[in-house]
Amino acid sequence: MPTVASRPAPFVRLDGSPVRALVVDDEASLSDLLRMALRTEGWETKVADNGHDALRVAREFGPDVIVLDVMMPGIDGLEVLRRLRDDGNDCPVLFLTAKDGVDDRIAGLTAGGDDYVTKPFSLEEVVARLRGLIRRSVKVAGDPEVELRVGDLMLNEETYDVSRAGTPIQLTATEFELLRFLMRNPRRVLSKAQIIDRVWSYDYGGRSSIVELYISYLRKKIDTLGEPMIHTVRGVGYTIKPAAG
């Protein structure tokens, strides 16, 4: 049986309560294994074995991160995620599936998922990726407050607030991480390879079109509030800079 390696200090919310995780998989043995691993991390963890229960538990439990199996009878993982997003739930989601084709990865990520792990997997890898998602989206104790500004665009790395000219902007965990990377490098042109390496934090192995997709998401949320800030440098990559004028 896989074991979790030595871990960094556990995450807790700013109020001192444990991080909450929801594991959704119709394989009971796998769910139990993940639940034990995450409880060892100090996280409060609940399990659901089908899509209907996953939606119910997500509403009642309010998880900070979800591990979601794609292939389930009835409502599959992609449909669960679509319904969560339609309800306004932006909780980061790690897809867990036996499918490993590039098209399946793209489908999961474009549906609003934030990361993707194929079976079989190591517990160490799953826990590491979940910790990365938590850092992007949950207010956890011990993280210093850092505020990034580019022109009238503001991003707070502690509170995860984003606004432009005072107008709040709601971002998913992956959108936030992409914007943070751009804002940490204002006026610098970042290649698709650099963005994939930094934002997805592992050897994604998929198509670079996922970067174009998420850049388009950011533009719809940011550039529609004023003059364009996110720019394409053809054949090179993307950059962010204060709006002209």
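Scoring rules and cut-offs
Residue numbering note: each chain is counted from 1, following its sequence as written. Restriction of local features to residues with pLDDT of at least 70 applies here, the model being predicted, together with a cutoff of 80 or more for giving and counting side-chain atom pairs; totals for whole chains, interfaces and linings are based on all residues. Working from all heavy atoms in the structure, the side-chain values ignore hydrogens and water. At least two DSSP bridges between two strands are needed for those strands to be called paired. Helix numbers and strand numbers start at the N terminus; a helix is a DSSP run of H or I with at least 4 residues, a strand a run of E with at least 2. Each patch is built from salt-bridge-free residues with over 30% relative accessible area, joining like charges within 9 Å and nonpolar side chains (Val, Leu, Ile, Met, Phe, Trp, Tyr) within 5 Å. Note that accessible areas follow from Shrake-Rupley with a 1.4 Å probe, and for residues the cover is restricted to the protein chains shown. By salt bridge we mean one thing: a side-chain nitrogen of Lys or Arg within 4 Å of a carboxyl oxygen of Asp or Glu. The cut-offs for exposure are 20% and 50% of the maximum accessible area for each residue type, with area from a 1.4 Å probe on protein chains only; residues under the lower value are buried, those over the upper are exposed, and the others partly exposed. Any pair of Phe, Tyr and Trp rings, taking the six-membered ring for Trp, is counted once the centres come within 6.5 Å. Such a pair is stacked with planes under 30 degrees apart, edge-to-face with planes over 60 apart, and tilted for the rest. Definition used: whenever NZ (Lys) or CZ (Arg) falls within 6 Å of the ring centre and also within 35 degrees of the ring normal, the charge is taken to sit over that ring. In this description, a nonpolar core means a group of buried Ala, Val, Leu, Ile, Met, Phe, Trp, Tyr and Cys residues linked to one another through side-chain atoms lying within 4.5 Å. Residue contacts follow a heavy-atom distance rule, with two residues in contact if any of their heavy atoms lie within 4.5 Å. Note on geometry: axes are C-alpha line fits, over the in-contact stretch for helices, and angles between N-to-C directions span 0 to 180 degrees.

Caption draft 1: View of the pairing of strand β11 (residues 237-240). Pairing between strand β10 (residues 230-233) and β11: 4 bridges, direction antiparallel. Residue pairing across strands places His 231 opposite Thr 239, the latter belonging to β11. The hairpin formed by β10 and β11 contains 3 residues between the paired strands, and Gly 235 there has a positive phi angle of roughly 80°.

Caption draft 2: Here's a closer look at a nonpolar patch on the surface. A contiguous nonpolar patch, built from Val 189, Val 233 and Val 236 and spanning about 180 Å² of accessible area, is present on the exposed surface. Considering the arrangement of structural elements, one finds Val 189 in the loop between α6 (173-183) and α7 (192-199). For Val 189, a relative accessible area of 30% puts it in the partly exposed group.

Caption draft 3: Here's a closer look at the pattern of salt bridges. The final tally for this structure, using the stated rule, is 14 salt bridges. Here Asp 53 ties to Arg 56 by a salt bridge, and the two come within 3.8 Å at their closest N and O atoms. Linking Asp 53 with Arg 56, this pair stays in helix α2 (residues 51-61), spanning 3 residues, or about one helical turn. Its relative accessible area of 27% is what places Asp 53 among the partly exposed residues. A relative accessible area of 36% means that Arg 56 is categorised as partly exposed. One continuous salt-bridge network, built from bridges that share partners, spans Asp 53, Arg 56 and Glu 60.

Caption draft 4: Quick peek at the packing of aromatic side chains. A full pass over the atoms with the stated rule returns 2 aromatic pairs. With a centroid separation of 4.6 Å and 40° between ring planes, the pair formed by Tyr 160 and Phe 176 is classed as tilted. Here the residue Tyr 160 occupies a position in the loop between β7 (153-156) and β8 (162-164), and Phe 176 occupies one in helix α6, the gap between them amounting to 16 residues. For Phe 176, a relative accessible area of 3% puts it in the buried group. With centroids separated by 5.1 Å and ring planes inclined at 75°, the aromatic side chains of Tyr 214 and Tyr 217 adopt a geometry described as edge-to-face. Here Tyr 217 and Tyr 214 lie together in helix α8 (residues 209-222), a separation of 3 residues that amounts to about one turn. Over the face of the ring belonging to Phe 61 we find Lys 46, whose NZ or CZ atom lies 5.4 Å from the ring centre.

Caption draft 5: Spatial organisation of the nonpolar core. One finds Leu 153, Leu 179 and Ile 195 to be the most contacted residues of the largest nonpolar core, which totals 29 residues. Listed by contribution, the elements that provide at least two residues to this core are β6 (147-150), β7, α6, α7, α8 and β11. The residues touching Leu 179, leaving out its near neighbours within four places in the chain, are Leu 153, Leu 155, Val 162, Leu 171, Leu 218, Ile 222 and Ile 240.

Caption draft 6: Broad picture of α6. Taken across its 11 residues, α6 has 11 buried, putting it largely inside the fold. Those residues of α6 lying buried are Ala 173, Thr 174, Glu 175, Phe 176, Glu 177, Leu 178, Leu 179, Arg 180, Phe 181, Leu 182 and Met 183.

Caption draft 7: Examining the sheet that holds strand β9 (residues 167-168) more closely. Ordered in space as β6-β7-β8-β9, the 4 strands form an open sheet in which the pairing is antiparallel. Unpaired on one side and paired on the other, β6 and β9 mark the two borders of the sheet. In this sheet, β9 lies alongside β8 in antiparallel orientation, the contact comprising 2 bridges. Bridging from a neighbouring strand, Arg 164 pairs with Thr 167 of β9. Its contacts with the sheet place α6 against β6, β7 and β8, and it is angled at close to 115° to β7.

Caption draft 8: Just the sheet that holds strand β1 (residues 20-24), in detail. The strand order across the open sheet built from 5 strands is β2-β1-β3-β4-β5, with neighbouring strands paired in parallel fashion. The sheet is open, and its two edges are formed by β2 (44-48) and β5 (115-118), each paired on a single side. The average angle at which neighbouring strand axes cross in this sheet is 20°, direction not considered. Pairing of strand β4 (residues 93-97) with β5, which is carried by 4 bridges, proceeds in the parallel orientation. What sits directly across from Leu 94, in β5, is Asp 115. Relative to β2, helix α1 (residues 28-40) is tilted by about 170°, and along the sheet it contacts β1, β2, β3 (65-69) and β4. Taken strand by strand, α2 contacts β1 and β2, and its axis lies near 175° from that of β1.

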